[in-house]
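Structural overview for review
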Amino acid sequence: MVKAPKNIAVIGATGSIGTQTLEIINSRPDLYKATVIAAGRRVDDLIELARRHRPAVAVIADVTKYNRLREALEPLGISVAAGDDALCEAVCRDDVDMVVTATVGYSGLAPTIAAIKAGKDIALANKETLVVAGEYITGLLAESKSRVYPVDSEHSAIYQCLQGEDKADVRKLIITASGGPFRTWTADRIARAKASDALRHPNWSMGAKITIDSATMMNKAFEIIEARWLFGFEADRIEAVVHPQSIVHSMIEFNDGAIKAQLGLPDMKLPIAYALGESRRLAGAEKALGIADYANLTFERPDADRFPCLTLANVALDRRGNSACVINAANEIAVAAFLDGRIGFIDIYRIIDRTLDTIPYIAKPDYEDYVSSNNEARAFATSLI
Ligand code: NAD
Ligand code: MG
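Fair warning: this is a prediction, and the values are worked out from it, not measured in the lab.

The expected angle between donors at a tetrahedral four-coordinate metal is 109.5 degrees. At an octahedral six-coordinate metal it is 90 or 180 degrees. Of the protein atoms, only Asp152 (OD), Glu154 (OE) and Glu223 (OE) coordinate the magnesium ion (ligand 2), at distances of 2.1 to 2.2 Å. Taken in sequence order, the residues that donate to the magnesium ion (ligand 2) follow the motif D-x1-E-x68-E. What makes Glu154 buried here is its relative accessible area of 8%.

Structural data, given as structure tokens:
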């Protein structure tokens, strides 16, 4: 039985996933209440959201914005806090039932760990948490009553397909990829791509970092790693296929050769609502897909020559240890530098590759090892720019 209204902590509330989550919560006050909202730096956006959604607590990670937040929200009876530790404390509050992890990058790791240790259910958008520390997080989940509901559209699709099925009957997970804005570009043209080109995603409107990850196809490599830890399938049973229309969100293939897919418009509202509802369906969560309007659903093999970041999924899952943590850190630095116009598009892969070759390998990292690998990889990647 799902408790209603369920109290939700939305971390990364001002972002693409965060604002869509709050819209769903707002549309169903009988089912959901935003108890905690948190953001990184955009304090004015957070204040505006707090005025509208009236959470118990608003948290800003950037401590320099604390006074501004307090002056605006304390008169409304909303508690305020600032800093990374405050974020971890807020998701563990007694009145939080589920945490939506919609922060971007490595910043999702610590609050997700705190929430799992406190036994909170997780609606997981922040894939980087499972990329950085998938093995470690899986271990924590085994000892916690927390359940994880995927928000990433591909993983939500696989999760939906697995309902009512026996995993032993499943041969393969097939993750679809739009191919991004450079799918049809030559390698030479891709090499000269600017941030404005890469930010023009054909199907999805998302935050800047994941949009660049989609252009390099690093996002698909991350999603293979995410699927590895969410569903417990080894890398050789997870395949990526390019599907430019982004209508088939992903598929599972059974031992008898049958393939089961989930289809829908490219709109994150459906997977967010499915996660908030713990696999219950919310009527009208997404505009209906008129299937007759999509006469051509096409599929093609991804091209790792033009998109070398794709190969990093297998590298990370073969080596394990801190490898994916290092890849993620170098990618975050390289993507930020590319967005600032300080490096070219192909430098993103080069920086990740060199960082991975340089940072010492740790086979069985504990939490402190992830923290130090992340810091070292960021420092080294920065030195390459
Ligand atoms: P975004 O850039 O739009 O928003 C990021 C949010 O995180 C903002 O609210 C920001 O304030 C917050 N944030 C940034 N740094 C922070 C920090 N240090 N501490 C606390 N909060 C911080 O990003 P997005 O596109 O909404 O993506 C969020 C996550 O969801 C990412 O991990 C992304 O890969 C995943 N995801 C997004 C989509 C999508 O459609 N946008 C789809 C699938 C998965
Ligand atoms: Mg996705």
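From this point, things continue past the structure.
In the neighbourhood of ligand 1, 23 residues make up the surrounding shell, with Thr14, Ser16, Gly40, Glu128 and Gly207 lying closest. Between ligand 1 and the protein, one listed contact pairs an oxygen atom with a backbone N or O atom of Ile17 at 2.9 Å. Burial of ligand 1 by the protein amounts to 87% of the accessible area it has alone, namely 840 Å². For the shell around ligand 1, the per-class residue count stands at 11 nonpolar, 9 polar and 3 charged.

In this structure the tally under the stated criterion is 30 salt bridges. In this structure, Arg320 and Glu234 form a salt bridge, with 3.6 Å as the shortest nitrogen-oxygen distance. With Arg320 in the loop between helix 13 (312–319) and helix 14 (323–339) and Glu234 in the loop between helix 11 (218–231) and strand 9 (238–242), this pair connects stretches of sequence that are 86 residues apart. Taking the relative accessible area as the measure of exposure, Glu234 reaches 39% and is therefore partly exposed. Three or more residues are tied together by salt bridges with common partners; here these are Lys127, Asp152, Glu154, Lys220 and Glu223.

Moving on to the packing of aromatic side chains. Applying the stated rule across the entire model yields 6 aromatic pairs. Seen from their ring centres, Tyr136 and Tyr370 are 5.8 Å apart, and the 65° between their planes marks the pair as edge-to-face. In this pair, Tyr136 is assigned in helix 6 (residues 128–142) and Tyr370 in helix 16 (residues 367–384), connecting sequence segments 234 residues apart. Using a relative accessible area of 3% as the deciding quantity, one classes Tyr370 as buried. A centroid spacing of 4.5 Å and a plane angle of 45° characterise the contact between Phe182 and Trp185, whose relative ring orientation is tilted. Overall, Phe182 belongs to the buried group, its relative accessible area being 0%. The structure contains a cluster of three or more aromatic residues connected by ring pairs, namely Phe182, Trp185, Phe338 and Phe345.

Moving on: the packing of helix 5 (residues 109–117) against helix 6. For the pair helix 5 and helix 6, interaxial distance at closest approach is 11 Å and the crossing angle is 15°. Taken together, helix 5 and helix 6 sit at an angle that is classed as roughly parallel. Helix 5 and helix 6 meet at a crossing whose hand is right-handed. Every residue of helix 6 that contacts helix 5 at Leu109, Thr112, Ile113, Ile116 and Lys117 is listed here: Thr129, Val132, Ala133, Tyr136, Ile137, Leu140 and Leu141. Across the contact of helix 5 with helix 6, the residue classes break down as 9 nonpolar, 2 polar and 1 charged.

The subject of this paragraph is the pairing of strand 9. Of all 5 residues making up strand 9, 4 are buried, and the element is well covered by its neighbours. Strand direction decides the pairing type here: strand 8 (residues 170–177) and strand 9, joined by 5 bridges, are parallel. Paired with Ile175 across the two strands is Ala240, which belongs to strand 9.

As a further point, take the sheet that holds strand 3 (residues 57–60). Strand pairing in a sheet takes place through backbone hydrogen bonds and is either antiparallel or parallel in direction. The parallel open sheet is built from 7 strands, whose spatial order is 4-3-2-1-5-6-7. Each having just a single partner strand, strand 4 (79–82) and strand 7 (148–150) make up the two edges of the open sheet. Taking the axes of each pair of neighbouring strands and ignoring which way they run, one obtains an average angle of 20° across the sheet.

Right, let's get into the nonpolar core. Grouped together as the largest cluster of nonpolar side chains are 88 residues, with contacts concentrated most on Leu173, Phe182 and Phe345. For this core, the element with the highest residue contribution is helix 14, accounting for 11 residues. Val10, Leu22, Ile37 and Val100 belong to the second largest nonpolar core, which has 38 residues in total.

What counts as what
- Residues numbered from 1 in each chain as written.
- Chains lettered and ligands numbered in written order.
- Predicted model: local features only at pLDDT ≥ 70, side-chain atom pairs only at ≥ 80, totals over all residues.
- Heavy atoms only, no water.
- Donors = N, O, S within 2.8 Å, 3.2 Å for Na, K, Ca; no water.
- Buried < 20%, exposed > 50% of the residue type's maximum accessible area, 1.4 Å probe, protein only.
- Near = heavy atom within 4 Å.
- Polar contact = N/O pair within 3.5 Å; in protein donor to acceptor, adjacent residues only side chain to side chain.
- Areas by Shrake-Rupley, 256 points an atom, 1.4 Å probe, with all protein chains shown as cover.
- Nonpolar A, V, L, I, M, F, W, Y, C, P; charged D, E, K, R; others polar.
- Salt bridge = Lys/Arg side-chain N within 4 Å of Asp/Glu carboxyl O.
- Helix = DSSP H or I, 4+ residues; strand = E, 2+ residues; numbered from the N terminus.
- Phe/Tyr/Trp six-rings, centres within 6.5 Å; stacked < 30°, edge-to-face > 60°.
- Axes fitted to C-alpha atoms, helices over the stretch in contact; angles between N-to-C directions.
- Parallel < 35°, antiparallel > 145°, perpendicular 65-115°, else oblique.
- Left-handed = near helix turned anticlockwise from the far one by under 90°.
- Contact = heavy atoms within 4.5 Å.
- Pairing = 2+ DSSP bridges.
- Core = buried A, V, L, I, M, F, W, Y, C linked by side-chain atoms within 4.5 Å.

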